[in-house]
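An overview of the molecular structure
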Amino acid sequence: EVQLVESGGGLVQAGGSLRLSCVTSGFTADDYAVAWFRQAPGKEREGVSCISRDDDNTRYADSVKGRFTISSDNAKNTVYLQMNNLKPEDTAVYYCALAAGVDPCDIVPRAYEYEYWGQGTQVTVSS
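Reference entry: report on the structure contained in this document. Source: prediction; values computed, not measured.

Examining the nonpolar core
Core analysis: the biggest nonpolar cluster contains 26 residues, and Trp-36, Phe-68, Leu-81, Met-83 and Tyr-94 have the highest contact counts within it. Contributing elements (two or more residues each) for this core: β3 (18-25), β4 (32-39), β5 (46-52), β7 (68-73), β8 (78-83), β9 (92-100) and β11 (121-126). Considering every element that reaches this core, the biggest residue donor is β9, with 4 residues. Ignoring sequence-local partners within four residues, the contact set of Leu-81 consists of Leu-18, Arg-19, Leu-20, Trp-36, Val-48, Ser-49, Phe-68, Thr-69, Ile-70 and Tyr-94. Phe-37, Ala-97, Ala-99 and Tyr-114 belong to the second largest nonpolar core, which has 8 residues in total.

Here is the structure:
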């Protein structure tokens, strides 16, 4: 069973930082990518960032570029999203997602390319 579990969300003031974690299990693949998406009320799900196997590719949405950093620790099967200088508009439910057997992380992640999803973690940024 493929499982992705997010953690690290919470409430933070504007300008603060959070680090999200996505622990993956239950899969092996030659190629894969893990992505972060977010969805705020009334807005479409947005691809935030992605990372490929062995950090071959990383991509960021323009809205977070320069503030967020994606990284991975393969030994821990974990992908991180370091979020700095958070803004109220970053408030959303953040999801990690997995594309197994393929590596679509040559562009900002698109939801339909990712098969497995975590349950999400709430990030709230107060002004």
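What about the sheet that holds strand β1 (residues 3-7)?
Read across the open sheet, the 4 strands follow the order β1-β3-β8-β7; overall the sheet is antiparallel. Edge strands, defined here as strands with exactly one partner in the open sheet, are β1 and β7. Across this sheet, the average inter-strand angle for adjacent strands is 15 degrees, counted without regard to direction. Inspection of the sheet shows β1 paired to β3 by 5 bridges, in the antiparallel sense. Residue pairing across strands places Ser-7 opposite Ser-21, the latter belonging to β3.

Section: the pattern of salt bridges
Summed over the entire model, instances satisfying the criterion amount to 6 salt bridges. The shortest N-O distance in the salt bridge between Lys-65 and Asp-62 comes to 3.2 Å. One salt bridge in this structure joins Asp-90 and Arg-67, with 2.7 Å as the shortest N-O distance. One end of the pair, Asp-90, is in the loop between β8 and β9; the other, Arg-67, is in the loop between β6 (58-60) and β7, and 23 residues separate them in sequence. In terms of burial, Asp-90 and Arg-67 fall into one category: buried. Through salt bridges with shared partners, a single network forms among Arg-38, Glu-46, Arg-67 and Asp-90.

Let's talk about the packing of aromatic side chains
In total, this model carries 4 aromatic pairs according to the counting rule given. Between the aromatic rings of Phe-27 and Tyr-32, the centroid separation amounts to 5.4 Å while the plane-to-plane angle is 80 degrees, which identifies the pairing as edge-to-face. Consider the rings of Phe-37 and Trp-117, whose centres lie 4.7 Å apart with planes at 40 degrees: the pair is tilted. Residue Phe-37 is found in strand β4, and its partner Trp-117 is found in strand β10 (residues 116-117); the two are separated by 80 residues along the sequence. Phe-37 sits in the buried class, given a relative accessible area of 0%. Through a chain of ring-to-ring contacts, the aromatic side chains of Phe-37, Tyr-95, Tyr-114 and Trp-117 assemble into a single cluster. If you follow Arg-45 out to its NZ or CZ, it ends over the ring of Tyr-95, 4.3 Å from the centre.

What counts, and where the lines are drawn
- Residues numbered from 1 in each chain as written.
- Predicted model: local features only at pLDDT ≥ 70, side-chain atom pairs only at ≥ 80, totals over all residues.
- Heavy atoms only, no water.
- Core = buried A, V, L, I, M, F, W, Y, C linked by side-chain atoms within 4.5 Å.
- Buried < 20%, exposed > 50% of the residue type's maximum accessible area, 1.4 Å probe, protein only.
- Helix = DSSP H or I, 4+ residues; strand = E, 2+ residues; numbered from the N terminus.
- Contact = heavy atoms within 4.5 Å.
- Pairing = 2+ DSSP bridges.
- Axes fitted to C-alpha atoms, helices over the stretch in contact; angles between N-to-C directions.
- Salt bridge = Lys/Arg side-chain N within 4 Å of Asp/Glu carboxyl O.
- Phe/Tyr/Trp six-rings, centres within 6.5 Å; stacked < 30°, edge-to-face > 60°.
- Lys NZ or Arg CZ within 6 Å of the ring centre and 35° of its normal.

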